[in-house]
Structure formats: C-alpha cells, structure tokens
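Understanding the architecture of this molecule
What follows is each chain in one-letter form.
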Amino acid sequence: MPAQVKAELDAPRQVLLLQHKVEQLREQGASDDEIYRLRAQTVNPEAAARLAELDREEAAWKNRIAQYQVARQQILQSGDSAAQQQAALQQLQMRQFSAQERPRLTAYEGP
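These numbers come from a predicted model, not from an experiment.

Re the pattern of salt bridges
Applying the stated criterion across every chain yields a total of 8 salt bridges. Across the salt bridge formed by Arg26 and Asp55, the nearest N and O atoms sit 2.6 Å from each other. Of this pair, Arg26 sits in helix 1 (residues 3-27) while Asp55 is found in helix 3 (residues 45-76), placing the two residues 29 residues apart along the sequence. Its relative accessible area of 24% is what places Asp55 among the partly exposed residues.

Here is the structure:
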C-alpha cells in the first residue's frame, strides 16, 4: 500500500490517540502550553493553534451555557405565571444566544 494512502487511513486513529493523550494530560492538570506542545509535536504548530482556538471557543460556550442554566433556573423558580416565565426565557435566549445557537439549547435544558 502506498505511504500516502496508509497515512490517510491511519489519520483518524492518530486523531483519536492525540485526543486521548490530551484528555489524560488535562486530568493530570497540564497547562494549555503543555497541551499545545503535545499537539504541535503530533500534528504541526498551525493545527495545534487551531485546536487551541477550538478549546477556547468550547470553554466560552460551556461558560455561556452555565450562566444560561443559572438564569433559567431563577426564572423557573420565580413564581411568575407560566406565560411570564416563557416570555422571560425567550428574552433570555434572544439576549444571550444567536439564532443559530438557540436550537442547541434544548440539549442543555433539564426537566
């Protein structure tokens, strides 16, 4: 099998291995710089930088979701009527999330 074809077939496994190593490092308390160095050695500096940016975006998203869940819970426990709660939730969603992001919120809403 040609080397290029073999590399292309092996790429998904390499990505999973890298992801597993990153998870292990994070569990051990590794810094973002240590994670970057591992990624840069495994793939390349440009890809490592893109992955670091994705990490930052994911962390920001999780933070926004956590804030939303706290505010949502406060609205639901407010004692207002169901219609008032629904209107307040809708305003909260419109204020904190784009039209493209709002459909994803249902995955984070509990009972």
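Section: the packing of helix 2 (residues 32-42) against helix 3
Here helix 2 crosses helix 3 at 140°, and the two axes come no closer than 7 Å. For the element pair helix 2 / helix 3, the angle class is oblique. As for how helix 2 packs across helix 3, the hand of that crossing is right-handed. For the pair helix 2 and helix 3, contact is made by Tyr36, Arg39 and Ala40 and by Pro45, Ala48, Ala49, Leu51, Ala52 and Asp55, respectively. Residues of the contact of helix 2 with helix 3, tallied by class, amount to 7 nonpolar, no polar and 2 charged.

Analysis parameters
- Residues numbered from 1 in each chain as written.
- Predicted model: local features only at pLDDT ≥ 70, side-chain atom pairs only at ≥ 80, totals over all residues.
- Heavy atoms only, no water.
- Salt bridge = Lys/Arg side-chain N within 4 Å of Asp/Glu carboxyl O.
- Helix = DSSP H or I, 4+ residues; strand = E, 2+ residues; numbered from the N terminus.
- Buried < 20%, exposed > 50% of the residue type's maximum accessible area, 1.4 Å probe, protein only.
- Axes fitted to C-alpha atoms, helices over the stretch in contact; angles between N-to-C directions.
- Parallel < 35°, antiparallel > 145°, perpendicular 65-115°, else oblique.
- Left-handed = near helix turned anticlockwise from the far one by under 90°.
- Contact = heavy atoms within 4.5 Å.
- Nonpolar A, V, L, I, M, F, W, Y, C, P; charged D, E, K, R; others polar.

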